[in-house]
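# Observations on the three-dimensional arrangement
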Amino acid sequence: MTRPPKGSAAPPSPLGTPVLPAVPPQPGPATPAGAPAQGRLQPRRTAFAEGVDRLRAAATTEPGRLRAIGAVLALLLIAFGTVTAWQTTHRASAAGDVLTRSQPLTSDAADIYRSLADANTAASSGFLAGGQETKASRDRYEKGIRTAAAGLVNAAAHSEPGSASARTIDRLNRLLPEYKGLVERARTYNRQGFPVGGAYLRYANEKMQKEMLPAAEDLYTKENQRLRADYADATPYPWAAIALGVAALAALAWAQHRTYRRTNRVLNHGLVAATAAATVVLLWLVVGHSVARANLFESRTHGVDSLDVLHDARIASLKARGNENLTLVARGAETVTVGGTVHDAYDYDFQQNMKTLGTRLAEAERLADDTSGQRPVDAAADNMAEWKKRHAAAREQDENGNYQQALDRVIGGDPEVPATVECFDNVDADLADALAHEQREFRRAAGDGRDAMTGLPAGAAVLAVLGAAGVVLGIGRRLSEYR
């Protein structure tokens, strides 16, 4: 009888390979509450978090620090070049507008005012001549009307639709034909010897003085404000660009000092090139803008300010001449009471205009910065003084009832009698010469101011890019030492 073997060993396998006894699974340690179960996948971290960790790890190494320094320096140089190009482009554009747009339009507005006043003066002069109106007087009137009309067309072409200037121009375009019609009626009745012609001329003068000239003056004021705004845009220093340039140079100096302390090498060619490029841009910016600013200020002080004063003086002389003529046209029909004293209205306005003329001539002489500008102003002052003397003589004849003698002393005709028209013509010619001189001075100074910034925006951008490239190459050379 066969008996099983004693012991706990498993019986041999028929194939001769021992078989391990099956062991039931044993209970493992309890999983703490809240802990992740064994074998569960952890949540994947975001690329941004992994990138931050890599950057933080890289920052603890010298190559990582060098890369960060290079990136900051390159961005700072690019920002410097960008802001410099932007600010200088804006200022160069404003300087160009001063020279080619706003100041010429301001002069055109002043010419419109002067032409209207000149036409009004010529109309009154021709009326005083009666049926013997001279061709020169008629031509001067027509020239004044044509110049004013052409100036209005030019101003309308450069004004913004719907703006206050455009509305003023439309109003002047409506009033100009009305004024011409009144003048023609006055001439027609005057040739026929009807006294109503004087009434029409006074009505035309009233329309000119109370409606047209104030509108023209308003247009001149608005264009002058545009000119001042362009100056305000062109002259301020580009402080943001200058601050970025100083910051870029300071950062480059610190980076090179750091490199010297760590490597004992005096120069890093890339960083030196970047420093040179930033220095050139900053010096170009400061010096170029300073020169442009100085020239623009000169063009405003000795150009625009002088032109404004001379325009005022010329307009005052034209208005004075018109009032002098109307004094004889009205023959005392218009009076004004000032301080309890009754004055002839047109003669009183004449005296006020002559005071304005004297004040503006004194100011123009103060603003003139050379003998070429002072000479015509001094000549105008001398002719104004003579004009006042002759006017006083004409008024004396008129008040004594000698109308023809007074008329001869105002409009001329008798070669033996000095007339005020000669003084007026001389004053007008002197002021025209002074205006032409100051206009040339303005164009020279404003042109120099604009040209001082030529090429600066593009040059700053190119040099900034070259400086950033120098930083990349310089830092790259240092990084190669760690490979």
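Definitions and cut-offs
Residues numbered from 1 in each chain as written. Predicted model: local features only at pLDDT ≥ 70, side-chain atom pairs only at ≥ 80, totals over all residues. Heavy atoms only, no water. Salt bridge = Lys/Arg side-chain N within 4 Å of Asp/Glu carboxyl O. Helix = DSSP H or I, 4+ residues; strand = E, 2+ residues; numbered from the N terminus. Buried < 20%, exposed > 50% of the residue type's maximum accessible area, 1.4 Å probe, protein only. Axes fitted to C-alpha atoms, helices over the stretch in contact; angles between N-to-C directions. Parallel < 35°, antiparallel > 145°, perpendicular 65-115°, else oblique. Left-handed = near helix turned anticlockwise from the far one by under 90°. Contact = heavy atoms within 4.5 Å. Nonpolar A, V, L, I, M, F, W, Y, C, P; charged D, E, K, R; others polar. 1 Å grid on protein atoms, 1.4 Å probe; cavity = no way out; pocket = protein on both sides within 12 Å on 5 of 7 lines; lining within 4 Å. Points joined across faces, edges and corners; volume = space filled by probe spheres on them. Pairing = 2+ DSSP bridges. Core = buried A, V, L, I, M, F, W, Y, C linked by side-chain atoms within 4.5 Å. Patch = residues over 30% accessible without salt bridge, like charges linked within 9 Å, V, L, I, M, F, W, Y side chains within 5 Å. Areas by Shrake-Rupley, 256 points an atom, 1.4 Å probe, with all protein chains shown as cover. Phe/Tyr/Trp six-rings, centres within 6.5 Å; stacked < 30°, edge-to-face > 60°. Lys NZ or Arg CZ within 6 Å of the ring centre and 35° of its normal.

## Details of the pattern of salt bridges
Considering all chains together, one arrives at 29 salt bridges under this definition. Where R140 meets D428, a salt bridge forms, and the shortest distance between an N and an O atom there is 3.8 Å. Highlighted residues: R140 in helix α3 (residues 135-158) and D428 in helix α11 (residues 420-451), separated in sequence by 288 residues. Close ionic contact of R444 with E298 constitutes a salt bridge, the shortest N to O distance being 2.9 Å. With a gap of 146 residues between them, R444 in helix α11 and E298 in helix α7 (residues 269-330) connect regions that are remote in the sequence. For R444, a relative accessible area of 35% puts it in the partly exposed group. One salt-bridge network, in which partners are shared between bridges, spans D118, R140, R314, D425 and D428.

## Overview of the packing of helix α6 (residues 239-263) against α7
Two quantities define a packed helix pair, namely the angle between the helix axes and the distance between the axes. The interhelical angle for the contact between α6 and α7, taken along N-to-C directions, is 160 degrees, at an axis separation of 10 Å. The angle between the axes of α6 and α7 places the two elements in the roughly antiparallel class. Helix-helix and strand crossings are classified by hand; for α6 and α7 the assignment is left-handed. On α7, the residues that touch A241, I242, G245, V246, L249, L252, A255, Q256 and T259 of α6 are L271, V272, A274, T275, A278, T279, L282, L285 and V286. Along the lines of polarity and charge, the residues of the contact of α6 with α7 split into 13 nonpolar, 5 polar and no charged.

## Considering empty space enclosed by the protein
Scanning the model with the defined rule gives 5 cavities of 30 Å³ or more in all. Each pocket or cavity is described by its volume, and for the largest cavity that value is around 60 Å³. Lining the largest cavity are L66, I69, A255, R258, T259, N268, L271, I475 and R478. When contributions to the lining of the largest cavity are tallied by element, the ones reaching two or more residues are α2 (62-128), α6 and α12 (456-479). The biggest single contributor to the lining of the largest cavity is α6, with 3 residues. Grouping the amino acids of the lining of the largest cavity by side-chain chemistry returns 5 nonpolar, 2 polar and 2 charged.

## Details of the pairing of strand β2 (residues 341-344)
Judged from the 4 bridges that link them, strand β1 (residues 335-338) and β2 form a sheet pairing that is antiparallel. Bridging across to β2, V336 finds its partner in H343. Taking the residues that link successive antiparallel strands as the turn, the β1-β2 hairpin has 2 residues, and the phi of G339 there is positive, at about 60 degrees.

## Things to note about the packing of helix α9 (residues 371-399) against α11
With their axes 8 Å apart at the nearest point, α9 and α11 run at an angle of 160 degrees to one another. Compared by their axis directions, α9 and α11 come out roughly antiparallel. α9 and α11 meet at a crossing whose hand is left-handed. Every residue of α11 that contacts α9 at S372, G373, P376, V377, A379, A380, N383, M384, E386, W387, R390 and H391 is listed here: T420, E422, C423, F424, N426, V427, D430, L431, D433, A434, H437 and E438. Taken together, the residues that form the contact of α9 with α11 break down as 11 nonpolar, 7 polar and 6 charged.

## Comments concerning the side chain of S115
Looking at where S115 falls in the secondary structure, it is placed in helix α2. Beyond its immediate sequence surroundings of up to four residues, S115 is in contact with G144, T147 and A148.

## With respect to the nonpolar core
Inside soluble globular proteins, nonpolar side chains tend to come together where they are buried. Core analysis: the largest hydrophobic core is formed by 81 residues, its most contacted members being L116, Y179, L357 and W387. Considering each element in turn, this core owes the most residues, 16 residues, to α2. Apart from residues no more than four positions distant in its own chain, L116 is found in contact with A148, L172, L176, M208, M212, L213 and A216. The next biggest cluster of nonpolar side chains, apart from the first, holds 14 residues, and it includes L77, A248, L271 and A274.

## Some thoughts on a nonpolar patch on the surface
Residues L283, V286, V287 and V291 make up a contiguous nonpolar surface patch of roughly 320 Å² in combined accessible area. Positionally, V286 belongs in helix α7. V286 gets classed as partly exposed once you look at its relative accessible area, which sits at 33%.

## A word on the packing of aromatic side chains
Enumeration over the complete set of coordinates arrives at 5 aromatic pairs. Their ring planes at 50 degrees and their centres at 5.4 Å tell us that Y237 and W239 sit as a pair that is tilted. Taken together through their ring pairs, the aromatic side chains of Y189, F194 and Y200 make up a single cluster. One Lys or Arg, R187, reaches over the ring of Y141 and ends 4.4 Å from the middle of that ring. It is R300 that lies over the ring of Y231; its NZ or CZ is 5.4 Å from the centre.

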